[in-house]
Amino acid sequence: MIGTIDYVSYSKKHKVGEIGYVLARPYWKKGLMTEVVNEVVKFGFEELGLVRIQARCFEQNIGSARVMEKVGMTYEGTIRKGMLVKGMHQNLKLYSILKDDYIKKKG
């Protein structure tokens, strides 16, 4: 196994989902995660009927932020001290894509 991706939260009522993913370091910078995130976003809009998909990454994780930008997500802001990791609170960058954005991008 080289990584995982999933909808870490999903609201059928609100039609909103959040994806989370990890990839083993030897596979970074090969375009793999961008390709997989694109497919998970497509599944969310076309099969689950979502209207919003979001994802978060640690502020210092430039690679993950870049993946979100490449799939058409928009940076919405920083969630200050949004997660406690190894005894330290970390800031999280929040990105999202709306179904309308996805349809325009698909064009």
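Everything below is about the structure printed above this text.
Every value quoted in this text rests on a predicted model; they were computed, and no experiment measured them. (Residues numbered from 1 in each chain as written. Predicted model: local features only at pLDDT ≥ 70, side-chain atom pairs only at ≥ 80, totals over all residues. Heavy atoms only, no water.)

## Some words on a nonpolar patch on the surface
Item 1. On the surface, a nonpolar cluster with roughly 220 Å² of combined accessible area is contributed by Ile2, Tyr27 and Leu32.
Item 2. Looking at where Ile2 falls in the secondary structure, it is placed in the segment before strand E1 (3-11).
Item 3. Ile2 sits in the partly exposed class, given a relative accessible area of 36%. (Patch = residues over 30% accessible without salt bridge, like charges linked within 9 Å, V, L, I, M, F, W, Y side chains within 5 Å. Areas by Shrake-Rupley, 256 points an atom, 1.4 Å probe, with all protein chains shown as cover. Salt bridge = Lys/Arg side-chain N within 4 Å of Asp/Glu carboxyl O. Helix = DSSP H or I, 4+ residues; strand = E, 2+ residues; numbered from the N terminus. Buried < 20%, exposed > 50% of the residue type's maximum accessible area, 1.4 Å probe, protein only.)

## Side note on the side chain of Gln90
Item 1. With respect to the helices and strands, the residue Gln90 is situated in strand E5 (residues 88-98).
Item 2. With near-sequence residues (within four places) excluded, Gln90 lies in contact with Phe58, Gln60, Ile79, Lys81, Gly82, Met83 and Val85. (Contact = heavy atoms within 4.5 Å.)

## Focus: the environment of Lys104
Item 1. The residue Lys104 is located in helix H3 (residues 99-106) in this model.
Item 2. Accessibility expressed as a relative area gives 66% for Lys104, which makes it exposed.
Item 3. Lys104 sits 32 residues away from Gly72 along the chain, and the two C-alpha atoms are 10.0 Å apart.

## What to know about the nonpolar core
Item 1. In terms of nonpolar packing, the biggest core is built from 21 residues, with Ile19, Val37, Val41, Ile53 and Met73 touching the most fellow members.
Item 2. Among the secondary structure elements, those contributing two or more residues to this core are strand E2 (16-23), helix H1 (32-46), strand E3 (52-58), helix H2 (62-70) and E5.
Item 3. Tallying contributions element by element places H1 first for this core, with five residues.
Item 4. Setting aside its immediate chain neighbours within four residues, Val37 contacts Ile5, Ile19, Tyr21, Val67 and Val71. (Core = buried A, V, L, I, M, F, W, Y, C linked by side-chain atoms within 4.5 Å.)

## As for the layout of surface pockets
Item 1. Size it by volume and the largest pocket reaches roughly 820 Å³.
Item 2. Along its surface, the largest pocket is lined by 30 residues, and Tyr21, Trp28, Asn61, Gly63 and Ser64 are the ones closest to its centre.
Item 3. Taken together, the elements giving at least two residues each to the lining of the largest pocket come down to E2, H1, E3 and H2. (1 Å grid on protein atoms, 1.4 Å probe; cavity = no way out; pocket = protein on both sides within 12 Å on 5 of 7 lines; lining within 4 Å. Points joined across faces, edges and corners; volume = space filled by probe spheres on them.)

## Describing the packing of H1 against H3
Item 1. Two numbers describe how H1 lies on H3: the axes approach to 11 Å, and their chain directions differ by 120 degrees. Where H1 crosses over H3, the two elements pack in a sense that is left-handed. Seen from H1, the contacting residues are Asn38, Val41, Lys42, Phe45 and Glu46; seen from H3, they are Lys99, Tyr102, Lys105 and Lys106.
Item 2. Taken together, the residues that form the contact of H1 with H3 break down as three nonpolar, one polar and five charged. (Axes fitted to C-alpha atoms, helices over the stretch in contact; angles between N-to-C directions. Left-handed = near helix turned anticlockwise from the far one by under 90°. Nonpolar A, V, L, I, M, F, W, Y, C, P; charged D, E, K, R; others polar.)

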